[in-house]
Amino acid sequence: MIIMNKPYSESCDQNKEPILAVILPVFSSLSSVLEIGSGTGQHAIYFAENMPHLKWYTSDCRSYLAGINMWLDDAGLPNVLPPFELNVTESSWPKLDVDAVFTANSIHIMSQQDVLNFMSGVGNLLAEQGELMIYGPFNYNGQYTSSSNESFDQWLKSRDPLSGIKHFEDMVALANKNRMQLVADHAMPANNRILHFKKV
Ligand SMILES: C[S@@+](CC[C@H](N)C(=O)[O-])C[C@H]1O[C@@H](n2cnc3c(N)ncnc32)[C@H](O)[C@@H]1O
């Protein structure tokens, strides 16, 4: 029998409060959010606890689902849904009626093709006025915003040459192509951003 330890991400603990401060004003009038790449499930628990009016859907690639379930089981929150498998490379996504999509620290793990699929999938999923919030590092004008992001990008590419920090301008162009417009670009601690898009 394989016994699995509950996964833990220190960065989730560090960034959850600043992320909440940005997403709360937008999500306060919404009913439901799909999180893509829920990871450990820690963000889902924290955001659902702090926004009890929301139905928070968790999702990720198959290997993450058991860990997310451990966090959900321990928290016992009524407004977080059990994780379902969603790899953005799949051509058909589950049909969900959600007001927003949230993802954290997933875009730099994905290849450029995965990001194309992500943006197209989110554009198809959201109805007009739907919100998309993306947390993570981005490059601007082809430049890193810090030497730590540059080292991080090199480390990412040494693990997977197709992964890496994406360009802000490409994200905006891809969003536009999929009927979403940039509403805000928030500076976050540790050289991260939150890109806020809205479906038009
Ligand atoms: C660095 S972890 C971040 C997890 C969590 N969101 C956080 O902030 O701690 C990257 C996440 O992106 C997810 N991810 C990477 N590629 C993906 C894909 N093609 N489809 C869906 N999720 C993906 C991973 O499975 C993982 O959960």
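Scroll up to find the structure this text is about.
Attention here is on the structure that accompanies the text. All of these numbers come straight from a predicted model, not from anything done at the bench. (Residues numbered from 1 in each chain as written. Predicted model: local features only at pLDDT ≥ 70, side-chain atom pairs only at ≥ 80, totals over all residues. Heavy atoms only, no water.)

1. With respect to the overall build of the protein chain
At step 1: Scanning the protein chain for helices and strands turns up six helices and nine strands.
At step 2: Rg of the C-alpha trace for the protein chain: 16 Å, near the compact-globule value of 16 Å for 200 residues, within the 12% margin.
At step 3: In terms of its C-alpha atoms, the protein chain occupies a principal-axis envelope of roughly 45 × 40 × 35 Å.
At step 4: Among the 200 residues that make up the protein chain, the fraction classed as buried is 49%.
At step 5: In the protein chain, the share of contacts with a sequence separation of at least 24, taken over all contacts with a separation of at least 6, comes to 72%.
At step 6: Put simply, the protein chain shows about 9800 Å² of open surface, and 52% of that area lies on carbon and sulfur atoms.
At step 7: In the protein chain, which carries 13 positive and 21 negative side-chain charges, the distance between the mean positions of the two groups comes to 5 Å. (Helix = DSSP H or I, 4+ residues; strand = E, 2+ residues; numbered from the N terminus. Rg over C-alpha atoms; globule rule 2.2 N^0.38 Å. Buried < 20%, exposed > 50% of the residue type's maximum accessible area, 1.4 Å probe, protein only. Contact = heavy atoms within 4.5 Å. Areas by Shrake-Rupley, 256 points an atom, 1.4 Å probe, with all protein chains shown as cover. Lys, Arg positive; Asp, Glu negative; His and termini not counted. Charge placed at Lys NZ, Arg CZ, Asp CG, Glu CD.)

2. Structural notes on the nonpolar core
At step 1: Membership of the largest hydrophobic core comes to 29 residues, with the highest contact counts inside it found for Phe118, Met119, Leu132, Ile134 and Phe197.
At step 2: Apart from residues lying up to four places away in sequence, phenylalanine 197 is in contact with Met119, Gly130, Glu131, Leu132, Ile134, Met171, Val172, Ala175, Met180, Gln181, Leu182 and Val183. (Core = buried A, V, L, I, M, F, W, Y, C linked by side-chain atoms within 4.5 Å.)

3. Here's the deal with the packing of helix H1 (residues 10-27) against helix H2 (residues 42-50)
At step 1: It is the contact of H1 with H2, at a shortest axis distance of 10 Å, that shows an interaxial angle of 40°. Considered as vectors, H1 and H2 are oriented oblique to each other. Judged by the twist between their axes, the crossing of H1 over H2 is right-handed. Of the residues in H2, those touching H1 at Cys12, Asp13, Asn15, Lys16, Glu17, Ile19, Leu20, Ile23 and Leu24 are Gln42, His43, Tyr46, Phe47 and Asn50.
At step 2: Of the residues that constitute the contact of H1 with H2, the class distribution is seven nonpolar, four polar and three charged. (Axes fitted to C-alpha atoms, helices over the stretch in contact; angles between N-to-C directions. Parallel < 35°, antiparallel > 145°, perpendicular 65-115°, else oblique. Left-handed = near helix turned anticlockwise from the far one by under 90°. Nonpolar A, V, L, I, M, F, W, Y, C, P; charged D, E, K, R; others polar.)

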